[in-house]
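If you want the building blocks of each chain, they are given just below.
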There are 2 protein chains.
Amino acid sequence: MNQKEALKTYKEFNEKIKAYILVLSTTDIDRLTVAPRKGSAYRNKMLSIIEGELYELQTDKKYVDAILYLSKLDLGETANRDIALAKKSLENILKFTKEETMEFSLAMMNSYEAWYDAKNKNDYRIFEPHLLKLIEMSKIRLQKRDPKMHPYDLALDDFEEGMNRKKYDRFFSLIKKELLPLIRKIDKKKDYIDDSFLYLYYPAEKQAIFMKDIMKYIGFSSDWGYMATTEHPFTDSLSRNDVRVTTAYDEHNITSAIFSLIHECGHGFYDHQVDPKFDAYPYLHQMSSGMHESQSRFFENYLGRRKSFFKLLYPKLQKLFPENLGNVSLDDFIRAVNVSRCSLIRTDADELTYPIHILIRYELEREIFENKIDLGRLDQLWDERYEKYLGIKADKASEGILQDVHWSGASFGYFPTYALGSAIGAQIFHKMQEDLDIDGLLEKGKFSRITDYLKKNIQHYGALYTFNQILLKATGKEFDPQYYIDYLKNKYMDLYGIKK
Amino acid sequence: MNQKEALKTYKEFNEKIKAYILVLSTTDIDRLTVAPRKGSAYRNKMLSIIEGELYELQTDKKYVDAILYLSKLDLGETANRDIALAKKSLENILKFTKEETMEFSLAMMNSYEAWYDAKNKNDYRIFEPHLLKLIEMSKIRLQKRDPKMHPYDLALDDFEEGMNRKKYDRFFSLIKKELLPLIRKIDKKKDYIDDSFLYLYYPAEKQAIFMKDIMKYIGFSSDWGYMATTEHPFTDSLSRNDVRVTTAYDEHNITSAIFSLIHECGHGFYDHQVDPKFDAYPYLHQMSSGMHESQSRFFENYLGRRKSFFKLLYPKLQKLFPENLGNVSLDDFIRAVNVSRCSLIRTDADELTYPIHILIRYELEREIFENKIDLGRLDQLWDERYEKYLGIKADKASEGILQDVHWSGASFGYFPTYALGSAIGAQIFHKMQEDLDIDGLLEKGKFSRITDYLKKNIQHYGALYTFNQILLKATGKEFDPQYYIDYLKNKYMDLYGIKK
């Protein structure tokens, strides 16, 4: 084999692999958005067969040899990184047989069905056996992938290269130390801001109209993107110009769909704005979860919860719901969507309490993989941990352990990236404020100036660099969680009239 | 090879083939309903790669040998028919190389994009080169498949086993002779029935609410089915319990979405009600187009345009659009949705003029494949033929040659099955009237009694029999188009007060 042959093989296999991923992802999006439930058993079985076909391709000796050969060469920064990521992915795939891969994939899909059913029926027992099976399988798989590494460290690294328990422990200690006292203080000022009007009746059909207004404002175009509805919002991109975001409506909470859509649009832009040159480097499109969440949380919070963001949008919302918002000023609306409150649902949480929701999940996952937990009591432990940190407890499992989809997909180690991403976002926001008149642009509806900035400084790199490397390029500094702490403290002390 | 081994191989390959078809069909449905257009080029290329993978599987020597071996055995009626259909399908596939198959598939997908674009921009020139290429390719392919058969006869047989030009000529002669004089007579009574209120402004969002009412009435359940919107309505089923129907809204024609949805639900029920035992016989799920259209046209017209069908539904429609329909009685509404008029759009045509729309397409297709036509003037020939038979001419290509999606998918020979299906439907309706109190059931909302009847007498057979065999079982007679002629003459002479 010479370099030319190896590159040719690599390219040919990647074309086919991308084709499989396209049809699998499309069917997956369909499965999670519109597919009728009675077709699930058949569909999931068929999907696992195609997963098996993909496995055969990904582990074909020719492809494997090409990657191993290329990984020893110096092909320039871009190709080197692509091959390095390909090799890392390959090594994980090769640890398992085709049958094990298909079995795991089928277990996850069936687990999703059980979770969906359990959540809608408010019955954790429906989901429990699936969850315990996935935990068991994940422990074995992580152990098998790297017997020398702690399984949860490996899981954390999967979602954000370079992260581990030690680093997250330090991060969450800071969160606890700096934010919990403020959260407790604010919790005593429960009625300081009236946000009751957010929880009146908002019919989904009318909310859907406002979703279009948001997408138009943000510049999320139907030429290259589409929004569907789902049980638990997500984004999946079939290509740079085929970005699928989703939202979910809560007819008694107008903020739920709004901020989840803005969040997903952040993910969507990231996928859309990767350098077109990287189309030839498939692994450079697989950005890390922490960086991805930094973009989505950036849209949702650092931009989406500002008064300037709603300057043009809020009148449209008022017009759709005059009976609920006709007498609510923009200022009152913005104060309301920033209320901090110890609450149960992570995706609806305010910025200040949000990292505590993540801390709870991090602690539980850590204990699960350190075998320090009674798995038969997971649902109760969830509730107890909420009581410990936020002082509240869910009445129903759908607002407790069943609220998030992630564990049904064995995404253990994903949650921490939400808090990490929020903190990364704060650092980017701090720098962007130096470079742009953010409020001025938002007020005038010049959102493209902001997405252009993010493209140039962050998004176009794709997965070429680690999050720390990107932060260094974009902000001149490596990751520093202090920006996040400062941002939250300033914002919420101001909002609640607490002296600094 | 022995029978057991051959059956095992056949089953194993079928499982995989079904998995490929599931992901391809899902991606296809996505492509035709929600997928952003800028992703098309990439998506279509990826899809054609998967088509190539499917080809490899379908032409694998082990699978081919198993089918050929099994086709010589007597495995009982059901398996014999399944294998016979598998063999027929295989013989066609084997006539082409993998590259030819992928090329044809890609040409069709790209042709769809061009058609979509052309229709929306009202510019036939965008679509023309694609159409001419598909015609050329189809001629070559049909010739290659069976050099002894006339290409158009083969195309007609593809969509309805046993049909050919001779039989359709006879059928359409009868249509012309019996129906054209009546159409002309009615055309002179243009203002006999007022239907202007159907063409007021009906916002799509509100129409969408009524779609749910229709599906509920019909018993089309979201447990096993889903409705999406598209440019040109179709139905595709991923399995018996995963049926996808689509509709398209015209905000200035309330009947368009209503009757197209009822039509597609007819297709949907057929797919849903095939005998579950046939799940082990994949080719028995591939019902012929004529039979399929008999079920959809049955829903749309023989049931959907009756007063009894709207007895419970119409008040809901009135409530949604009081400004348009508040003062229109059910009787007036029903008369209006049955108005016969020489019009341009096939899918919106009334029952009486409908077969003339098909006749025009049949004549054009026949002449295309008999090389008797100037292909550079296809769009004009379309208009001229409309003028000849219906006395009207399209102002815009989108209401002329661009109105239908079929040719963009090289579905030459499909159109005639719409008229054939309508005629088959009339024969089934005649028998059903003897067996059931149709109006009594519809008025009381007992639609399931009707779908049960169709299941028992028609639909559960799947593709086990030809349309003539099914008609013989269901009605005691082979196909007789006189039922259709009689039904239309009686209905429209009554409606327009014309003496018999």
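Residues numbered from 1 in each chain as written. Chains lettered and ligands numbered in written order. Predicted model: local features only at pLDDT ≥ 70, side-chain atom pairs only at ≥ 80, totals over all residues. Heavy atoms only, no water.

K.L.:
How do you make sense of the overall build of chain A when you look at a structure like this?
P.N.:
A count of helices and strands for chain A gives 22 helices and three strands. For chain A, the C-alpha radius of gyration of 23 Å lies close to 23 Å, the compact-globule estimate for 500 residues. The principal-axis extents of the C-alpha atoms in chain A amount to approximately 70 × 50 × 45 Å. Per-residue burial over chain A gives 61% buried out of 500 residues. Put simply, chain A has 74 plus and 76 minus side-chain charges, and the middle of one group is 3 Å from the middle of the other. (Helix = DSSP H or I, 4+ residues; strand = E, 2+ residues; numbered from the N terminus. Rg over C-alpha atoms; globule rule 2.2 N^0.38 Å. Buried < 20%, exposed > 50% of the residue type's maximum accessible area, 1.4 Å probe, protein only. Lys, Arg positive; Asp, Glu negative; His and termini not counted. Charge placed at Lys NZ, Arg CZ, Asp CG, Glu CD.)

K.L.:
I would appreciate a short explanation of the pattern of salt bridges in the present structure.
P.N.:
Opposite charge on two side chains permits pairing when their charged atoms draw close. Evaluated as defined, the whole model comprises 88 salt bridges over all chains. The salt bridge involving Glu100 of chain A is made with Lys144 of chain A; its shortest N-O contact spans 3.2 Å. Pair noted here: Glu100 of chain A is in helix α5 (residues 98-121) and Lys144 of chain A is in helix α6 (residues 124-145), with a separation of 44 residues, a long-range link. Residue classification places Glu100 of chain A among the partly exposed residues on the basis of a relative accessible area of 27%. With a relative accessible area of 37%, Lys144 of chain A lands in the partly exposed category. Its salt-bridge partner being Lys177 of chain B, residue Glu178 of chain B comes within 3.6 Å of it at the nearest N-O pair. Residue classification places Glu178 of chain B among the buried residues on the basis of a relative accessible area of 15%. (Salt bridge = Lys/Arg side-chain N within 4 Å of Asp/Glu carboxyl O.)

K.L.:
What am I meant to see in unusual backbone geometry here?
P.N.:
Leave glycine aside and you will find that most residues have negative phi; peptide bonds, for their part, are mostly trans. Positive phi, close to 55°, is recorded for Asn371 of chain A, a residue that is not glycine. Residue placement: Asn371 of chain A occurs in the loop between α16 (354-369) and α17 (378-390). Despite not being glycine, Asn122 of chain B has its phi angle at roughly 55°, a positive value. Counting through the fold element by element, Asn122 of chain B comes out in the loop between α5 (98-121) and α6 (124-145). Relative accessible area serves as the criterion here: at 33%, Asn122 of chain B is assigned to the partly exposed category.

K.L.:
When you look at the interface of chain A and chain B in this model, what are you seeing that I'm missing?
P.N.:
Interfaces are frequently sized by the accessible area removed from exposure as the parts join. Listed by partner, the interface residues are 35 residues for chain A and 35 residues for chain B. Across the chain A/chain B interface, buried area totals approximately 3200 Å², and carbon plus sulfur atoms make up 64% of it. Its largest share of buried area at the contact with chain B, chain A owes to Pro36, Lys38 and Tyr42 of chain A, together 16% of the area lost on that side. Seen at the junction of chain A and chain B, the total is eight salt bridges. Where chain A packs against chain B, one counts 15 residue pairs in polar contact (both at pLDDT 80 or more). Those elements that provide at least two residues to the side of chain A that touches chain B are α1 (3-33), α2 (40-58), β1 (225-229), β2 (235-239) and β3 (242-247) of chain A. Among the elements that make up the side of chain A that touches chain B, the one with the highest residue count is α1 of chain A (ten residues). (Contact = heavy atoms within 4.5 Å. Buried area = accessible area lost by both parts, 1.4 Å probe. Polar contact = N/O pair within 3.5 Å; in protein donor to acceptor, adjacent residues only side chain to side chain.)

K.L.:
When you look at the nonpolar core in this model, what are you seeing that I'm missing?
P.N.:
Among soluble globular proteins, nonpolar side chains are generally buried collectively. Core analysis: the largest hydrophobic core is formed by 345 residues, its most contacted members being Ile218 and Phe310 of chain A together with Phe310 of chain B. Ignoring sequence-local partners within four residues, the contact set of Ile218 of chain A consists of Ile262, Cys265, Phe269, Phe299, Phe309 and Phe447 of chain A. (Core = buried A, V, L, I, M, F, W, Y, C linked by side-chain atoms within 4.5 Å.)

K.L.:
Explain the sheet that holds β3 of chain A to me, please; I cannot follow it from the model alone.
P.N.:
Note on sheets: strands pair through backbone hydrogen bonds, and any given pair is parallel or antiparallel. All names here are of chain A. Strand order in the open sheet formed by three strands is β1-β3-β2, with mixed pairing between adjacent strands. Every interior strand has two partners, whereas the edge strands, β1 and β2, have only one. Going across the sheet, the axis of each strand differs from the next one's by a mean of 20°, ignoring polarity. Bridge count for β2 against β3 is four bridges, and the pairing is antiparallel. Bridged to Thr235 within β3 is Val245. Across the sheet, α1 lies against β1, β2 and β3, angled at about 150° from β2, the strand it touches most. (Pairing = 2+ DSSP bridges. Axes fitted to C-alpha atoms, helices over the stretch in contact; angles between N-to-C directions.)

K.L.:
Please clarify how the sheet that holds strand β3 (residues 242-247) of chain B should be interpreted in this entry.
P.N.:
Residue and element names in this part refer to chain B. Here we have three strands laid out as an open sheet, ordered β1-β3-β2, and mixed in their pairing. Across the chains shown, the open sheet's two edge strands, defined by having one partner strand only, are β1 (225-229) and β2 (235-239). Geometrically, the sheet is characterised by an average inter-axis angle of 20° between neighbouring strands, direction not taken into account. Sitting on the sheet, helix α10 (residues 254-272) touches β1, β2 and β3, and the angle it makes with β3 is about 165°.

K.L.:
So what exactly am I meant to see when it comes to the confidence of the model for chain A here?
P.N.:
Per-residue confidence for chain A gives a mean pLDDT of 97, with 100% of residues at or over 70. Note on the complex model: pTM 0.95, ipTM 0.94. (pLDDT = per-residue confidence, 0-100.)

K.L.:
Even after reading the chapter, I still don't get the environment of Tyr199 of chain A, so can you show me in this structure?
P.N.:
All names here are of chain A. Considering the arrangement of structural elements, one finds Tyr199 in the loop between α8 (165-187) and α9 (204-218). Here Tyr199 falls in the partly exposed class, since its relative accessible area comes to 36%. Sequence spacing of Tyr199 and Asp28 is 171 residues, and the spatial spacing of their C-alpha atoms is 32 Å. Excluding anything up to four places from it in sequence, Tyr199 contacts His252, Asn253 and Arg341.

K.L.:
Looking at this model, I keep getting lost on helix α11 (residues 289-303) of chain B. Mind explaining?
P.N.:
The α-helix winds at 3.6 residues per turn, so residues separated by three or four positions along the chain end up facing the same way. Residues and elements named next belong to chain B. Between the first and last C-alpha of α11 there are 20 Å, a value that for 15 residues agrees with the 21 Å anticipated at 1.5 Å per step. The axis of α11 is deflected most strongly, by about 35°, at Arg297. Across the 15 residues of α11, 15 count as buried, placing the element largely inside the fold. (Expected span 1.5 Å × (residues − 1). Bend = angle between axes of the 7 residues up to and from the residue.)

K.L.:
Can you walk me through the domain arrangement of chain A in this structure?
P.N.:
Residue and element names in this part refer to chain A. In terms of domain boundaries, chain A breaks down into domain 1 (3-148) and domain 2 (165-495). Placing a centre on the C-alpha atoms of domain 1 and another on those of domain 2 gives a separation of 27 Å. With 40 residues of domain 1 at the contact, the number on the domain 2 side is 40 residues. Among the residues of domain 1 in contact with domain 2, Trp115, Lys119 and Tyr124 are the three that bury the most area, contributing 17% of the side total. In this assembly, domain 1 and domain 2 are joined by two salt bridges. Across the pair Arg125 and Asp379 runs a salt bridge, and its minimum N-O distance is 3.2 Å. (Domains from an automatic or database assignment.)

K.L.:
Sorry, what's going on with the packing of aromatic side chains here?
P.N.:
The geometry of an aromatic ring pair comes down to the distance between the two centres and the angle between the two planes. Enumeration over the complete set of coordinates arrives at 81 aromatic pairs over all chains. Aromatic pair Tyr217 of chain B and Phe447 of chain B: ring centres 5.7 Å apart, planes at 55°, arrangement tilted. Taken together, the positions of Tyr217 of chain B in helix α9 (residues 204-218) and Phe447 of chain B in helix α20 (residues 447-457) put the pair 230 residues apart, joining distant regions of the chain. Comparing Tyr217 of chain B with Phe447 of chain B, the two get one shared label, buried. Above the ring of Tyr192 of chain A, the side-chain terminus of Lys189 of chain A is found at 4.3 Å from the ring centroid. (Phe/Tyr/Trp six-rings, centres within 6.5 Å; stacked < 30°, edge-to-face > 60°. Lys NZ or Arg CZ within 6 Å of the ring centre and 35° of its normal.)

K.L.:
Could you clarify how one ought to interpret the packing of α8 of chain A against helix α18 (residues 416-435) of chain A in this entry?
P.N.:
Packed helices, taken two at a time, are described by the angle their axes make and the gap between the axes. Residues and elements named next belong to chain A. Axis separation between α8 and α18 bottoms out at 11 Å; the angle between their running directions is 65°. Relative to α18, the crossing made by α8 is left-handed. Contact residues: Tyr168, Phe171 and Phe172 in α8; Pro416, Thr417, Ala419, Leu420 and Ala423 in α18. (Left-handed = near helix turned anticlockwise from the far one by under 90°.)

K.L.:
Whenever I open this one, the relation of the copies chain A and chain B confuses me. Can you help?
P.N.:
Taken together, a rotation about one axis and a shift along it account for how the two chain copies relate. By a simple turn and slide, chain A fits onto chain B: the slide is 0.0 Å along the axis, the RMSD is 0.0 Å, and the turn is 180°. What the superposition gives is, in effect, a two-fold axis relating one chain to the other. The rotation axis passes nearest to the C-alpha of Val23 of chain A in chain A, at a distance of 2.8 Å. Comparing interface residues between copies, 100% of those in chain A also sit at the interface in chain B, which points to an isologous, same-surface contact. (Least-squares fit on C-alpha atoms with pLDDT ≥ 70 in both.)

K.L.:
Help me out: how do you make sense of α16 of chain A in this one?
P.N.:
Residue and element names in this part refer to chain A. In this model, α16 (16 residues) spans 23 Å end to end at C-alpha, consistent with the 22 Å of a helix rising 1.5 Å per residue. The buried fraction of α16 amounts to 16 of the 16 residues, a majority that puts the element mostly inside the structure. Downstream of α16 by one or two residues, Asn371 has phi in the positive range, about 55°.

K.L.:
Got a minute to help me understand the packing of helix α3 (residues 61-70) of chain B against helix α4 (residues 77-93) of chain B in this structure?
P.N.:
Residue and element names in this part refer to chain B. Contact geometry for α3 and α4: axes closest at 9 Å, N-to-C directions at 135°. With respect to α4, the axis of α3 lies oblique. Seen from above, α3 lies across α4 with left-handed handedness. Contacts from Val64, Ile67, Leu68 and Leu70 in α3 reach Ile83, Ala86, Lys87 and Leu90 in α4. (Parallel < 35°, antiparallel > 145°, perpendicular 65-115°, else oblique.)

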